[in-house]
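Each chain, letter by letter, is given below.
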Amino acid sequence: MQRYFLNQKASLNQQYKINNKDDIHHIKNVMRQNHGDKLIVNFLNESFICEINEICEEILITTIEPLDIYTELPVQITIASALLKNDKYEWMIQKATELGAHSFIPFISDHTILKLDDKKIGKKLERFQKIIKEAAEQSYRQIIPTINVVKSSNDLLALFEQFDIVLIAYEESAKAKESSALHQALREMEMGSKVLVIFGPEGGFSSEEIQLFNAPCIGLGPRILRAETAPLYLLSAISYHLELS
């Protein structure tokens, strides 16, 4: 069954409205669902199987069965990644959403190649949010990850106090064959921990940024990963450590 999201709490045997235009289009024209068909809706407090009662300008649904499922990582991982050129950042957030990222903070680093003004950032954010929402639906997530742009490394630093753990994925650590920092960090993560992991752009971090962040640097194995691949490695490692081992 296809999944959708409603930003409200719900209870059993109650009626709700789907009024997101993209969702309505998908239900009516892509899935070609009709009155009486079933779908899954993730509400703020729970997921339900719902029955379609009416399809018009809005879609009326009734919650008919609660779902006892949970597909979120046991820790909240925020990916702070410098903006990347072309469609690399879009590809990364799509796959990272599938792998369980809780939120994203794109930022402008010292070596960021892509340059954006406020108007372009706004358009980019709309595009990013749509990609994340669709990936969350496809991968059976319980939440839609959030995404908020910060304009500099200093602005990113100001957010550190919101997190329990801050880590830097640093290519120089990989080159130096550092192999224990990530393992140690994983062992220190408790259920529900808020974790910020920072990734640089194609050109890597500047030495000034590493000094500014003043956080533990972790290596991601002996190979040097592309900027868009490194967050996926990290999320996979966290999932294996906390969910499969």
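For the structure, check the block above.
If you're wondering where the values come from, they're calculated on a predicted model, not measured in any experiment.

J.: It is not clear to me how helix α2 (residues 88-98) should be interpreted in this structure. Could you clarify?
T.: In an α-helix, one full turn covers 3.6 residues, which means residues spaced three or four apart are oriented alike. Within α2 the residues assigned to the buried category are Lys88, Tyr89, Glu90, Met92, Ile93, Ala96 and Thr97. Buried-residue contacts for α2 involve β6 (76-81), β7 (103-104), α3 (118-138), β8 (146-147) and α8 (230-244). Taken from the residues just after α2, Gly100 is the one with a positive phi, measuring 110°.

J.: Which parts of the structure should I look at to understand the environment of Asn13?
T.: By the secondary structure assignment, Asn13 is in the loop between β1 (3-5) and β2 (15-18). Separated by 90 residues in the primary sequence, Asn13 and Ser103 have C-alpha atoms spaced 32 Å apart. Apart from residues no more than four positions distant in its own chain, Asn13 is found in contact with Thr62, Thr63 and Ile64.

J.: It is not clear to me how the sheet that holds strand β4 (residues 47-55) should be interpreted in this structure. Could you clarify?
T.: Strand pairing in a sheet is mediated by backbone hydrogen bonds. Such pairs are either parallel or antiparallel. Spatial ordering of the open sheet is given by β1-β3-β4-β5-β2, a layout of 5 strands whose pairing is mixed. Looking along the sheet, the strands with just one partner apiece sit at the ends: β1 and β2. Mean inter-strand twist for the sheet, computed between neighbouring axes without regard to direction, equals 45°. Here strand β3 (residues 38-42) pairs with β4 via 5 bridges, running antiparallel. The partner of Lys38 across the bridge, within β4, is Glu51. Most of the contacts of helix α1 (residues 21-30) go to β1, to which it runs at about 155°, and overall it touches β1, β2, β3, β4 and β5 (59-67).

J.: Please clarify how empty space enclosed by the protein should be interpreted in this entry.
T.: Over the atoms rolls a probe the size of a water molecule, and in doing so it shows where empty space is left. Throughout the structure, instances matching the rule amount to 1 cavity of 30 Å³ or more. Taken as a whole, the largest cavity holds about 40 Å³ of empty space. Leu83, Leu84, Asn86, Asp87, Lys88, Tyr89, Glu90, Leu114, Lys124 and Phe128 are the residues that line the largest cavity. Those elements that provide at least two residues to the lining of the largest cavity are α2 and α3. Of all the elements, α2 adds the most residues to the lining of the largest cavity, at 3 residues. When the residues that make up the lining of the largest cavity are grouped by side-chain class, the tally is 5 nonpolar, 1 polar and 4 charged.

J.: Please clarify how the pattern of salt bridges should be interpreted in this entry.
T.: The tally for this structure, following the rule as stated, stands at 7 salt bridges. Its salt-bridge partner being Lys17, residue Glu58 comes within 3.6 Å of it at the nearest N-O pair. Of this pair, Glu58 sits in the loop between β4 and β5 while Lys17 is found in strand β2, placing the two residues 41 residues apart along the sequence. Judged by relative accessible area, Glu58 falls into the partly exposed class, the value being 28%. Taking the relative accessible area as the measure of exposure, Lys17 reaches 46% and is therefore partly exposed. Across the pair Glu90 and Arg127 runs a salt bridge, and its minimum N-O distance is 3.4 Å. Of this pair, Glu90 sits in helix α2 while Arg127 sits in helix α3, and the two are 37 residues apart along the sequence. Owing to a relative accessible area of 43%, Arg127 belongs among the partly exposed residues under this scheme. Salt bridges here are not isolated pairs; linked through shared partners, they connect Asp23, Lys133 and Glu137.

So, how was this worked out
For every chain, the first residue of the written sequence is number 1, and numbering continues from 1 along that sequence. It should be noted that, the model being predicted, local features are given only for residues of pLDDT at least 70 and side-chain atom pairs only at 80 or more, the latter also being counted only at that level, while totals for whole chains, interfaces and linings use all residues. Hydrogen atoms and water are omitted, and side-chain values are computed over all heavy atoms in the structure. For every residue, the accessible area (1.4 Å probe, protein chains only) is compared with the maximum for its type, and the residue is labelled buried under 20%, exposed over 50%, or partly exposed between those bounds. The helix and strand labels rest on DSSP assignments: H or I over at least four residues marks a helix, E over at least two residues marks a strand, and numbering proceeds from the N terminus. The contact criterion used throughout is that any non-hydrogen atoms of two residues lie within 4.5 Å. We treat two strands as partners when DSSP finds at least two bridges between them. Interaxial angle, 0 to 180 degrees, is taken between N-to-C directions of lines fitted to C-alpha atoms, where a helix line uses only the stretch in contact. Here the term cavity refers to a set of points on a 1 Å grid, laid over the protein atoms alone, in which a 1.4 Å probe fits but cannot get out; the term pocket refers to an open set having protein on both sides within 12 Å along at least five of seven lines, with lining residues being those that place an atom within 4 Å of a point. Grid points are joined across faces, edges and corners, and a volume is the space filled by probe spheres set on the points. Three categories are distinguished: nonpolar for Ala, Val, Leu, Ile, Met, Phe, Trp, Tyr, Cys and Pro, charged for Asp, Glu, Lys and Arg, and polar for the others, with Gly belonging to the last. For salt bridges, the criterion is a side-chain nitrogen of Lys or Arg within 4 Å of an Asp or Glu carboxyl oxygen.

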